[in-house]
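Overview (structure and organization)
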Amino acid sequence: MGILESLKKATEQATGIARPRKQELAEFVKVKKPFEFRFKDDGLVPNHPFWPFVVYRGAVRSVEQFDSAAVLEELFEANGWSSCWRDGIYRYVHNQSRKNEVLGVARGTGKVRFGGNRGRTLSLKAGNVAVLPAGTSHQCLSESGGFLVVGVYPASGAYDECTTAQEHERALRTIPKLAVHGRIRSIRAKRRWCQCGKNEA
C-alpha cells in the first residue's frame, strides 16, 4: 500500500487532480469536542509526562471529488506540519521520543492501542484525527476497509522509533526537553486540532 499511495500522491501533486486548493480547506474541518487520555509510564512505553493524547472524531469531512488523504495532507501542511506519509500503522508497539505526531485517518477502520499494554484500544475511522505527544505508543491490532492513515511531524527535531527498554531510558531524558508550539496553550479554548502539539523550531 505504501508504494501505491506514494505514486498516487506524486501524481496528485504534479497534476492537482483530487487535491483541494488552500482556500477550500476550511470547508473540510468540523469543530469537534476532543477526547483526552493520559497514560502512565509502564516501563517499556514512556508516554508523555505532561501532555494528553487527544482524539477528534469526525474532524475532517469527506468530499467525493477529492482524495481524503490529499485533503489531510493539505490541511496539515497549511498548519505548519511536515514530512507527510501515507500508510497503515505498525503492528508492533512503538513511539517517537523526539517528535510529536498527528495521525489522520483517510480511509477504512482500524483498532489501535495507544499508551502501551495498560493504555486504551480505540476504533479509528475515516475523518478521525489523533494527536500524539512524544512518547505516546501506538500499535494497530486489526484493520478493515483499506485502512489508510496520513501521518505528520513538526519540521524540527530528528525522527526516531523506540521499541525497546534501552530506548525507553533514553526517551525519558529526551521527551521532557521538547518544547510545544505556543499555540497549543490556546487549544483547550479554541479546540483547533490542526494546530496543536507542534514542536517549536
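So, a few notes on the structure that sits alongside this text. (Residues numbered from 1 in each chain as written. Predicted model: local features only at pLDDT ≥ 70, side-chain atom pairs only at ≥ 80, totals over all residues. Heavy atoms only, no water.)

Section: a nonpolar patch on the surface
Quick reminder of the rule: Each patch is built from residues lacking any salt bridge and having more than 30% relative accessible area; the joining distance is 9 Å for like charges and 5 Å for nonpolar side chains (Val, Leu, Ile, Met, Phe, Trp, Tyr). Surface exposure here means Shrake-Rupley accessible area, sampled with a 1.4 Å probe, where a residue is shielded only by the protein chains that are shown. Put simply, a salt bridge is a Lys or Arg side-chain nitrogen that is within 4 Å of an Asp or Glu carboxyl oxygen. Helix and strand assignments follow DSSP, with helices taken as H or I runs no shorter than four residues and strands as E runs no shorter than two, numbered in order from the N terminus.
Among the surface-exposed residues, Tyr90, Tyr92 and Tyr159 lie close enough to one another that they form a single nonpolar patch of about 320 Å² accessible area. Along the chain, Tyr159 falls in the loop between strand E7 (138-154) and helix H3 (165-174).

Focus: helix H2 (residues 68-78)
Condition: Note on classification: 1.4 Å probe, protein chains only; a residue is buried when its accessible area is under 20% of the maximum for its type, exposed when over 50%, partly exposed between these limits.
Where burial is concerned, most of H2 is hidden: eight out of the eleven residues are buried. All of the buried residues in H2 are Ala69, Ala70, Val71, Leu72, Glu73, Glu74, Leu75 and Phe76. At the exit of H2 stands Gly80, carrying a positive phi of roughly 90°.

Focus on empty space enclosed by the protein
The condition that has to hold: Points on a 1 Å grid over protein atoms alone make up a cavity when a 1.4 Å probe fits among them but cannot get out, and a pocket when they form an open set with protein on both sides within 12 Å along at least five of seven lines; lining residues each have an atom within 4 Å of a point. Grid points are joined across faces, edges and corners, and a volume is the space filled by probe spheres set on the points. All residues other than Ala, Val, Leu, Ile, Met, Phe, Trp, Tyr, Cys, Pro, Asp, Glu, Lys and Arg, Gly among them, are scored as polar; the first ten of these are nonpolar and the last four charged.
Enumeration over the complete set of coordinates arrives at two cavities of 30 Å³ or more. Each pocket or cavity is described by its volume, and for the largest cavity that value is around 40 Å³. Lining the largest cavity are Phe37, Arg38, Phe39, Asn47, His48, Trp51, Pro52, Phe53, Pro133 and Thr136. Across the lining of the largest cavity, the residue classes tally to six nonpolar, three polar and one charged. In this structure, the second largest cavity spans a volume of roughly 30 Å³.

Coordinates in, geometry out; function isn't part of it.
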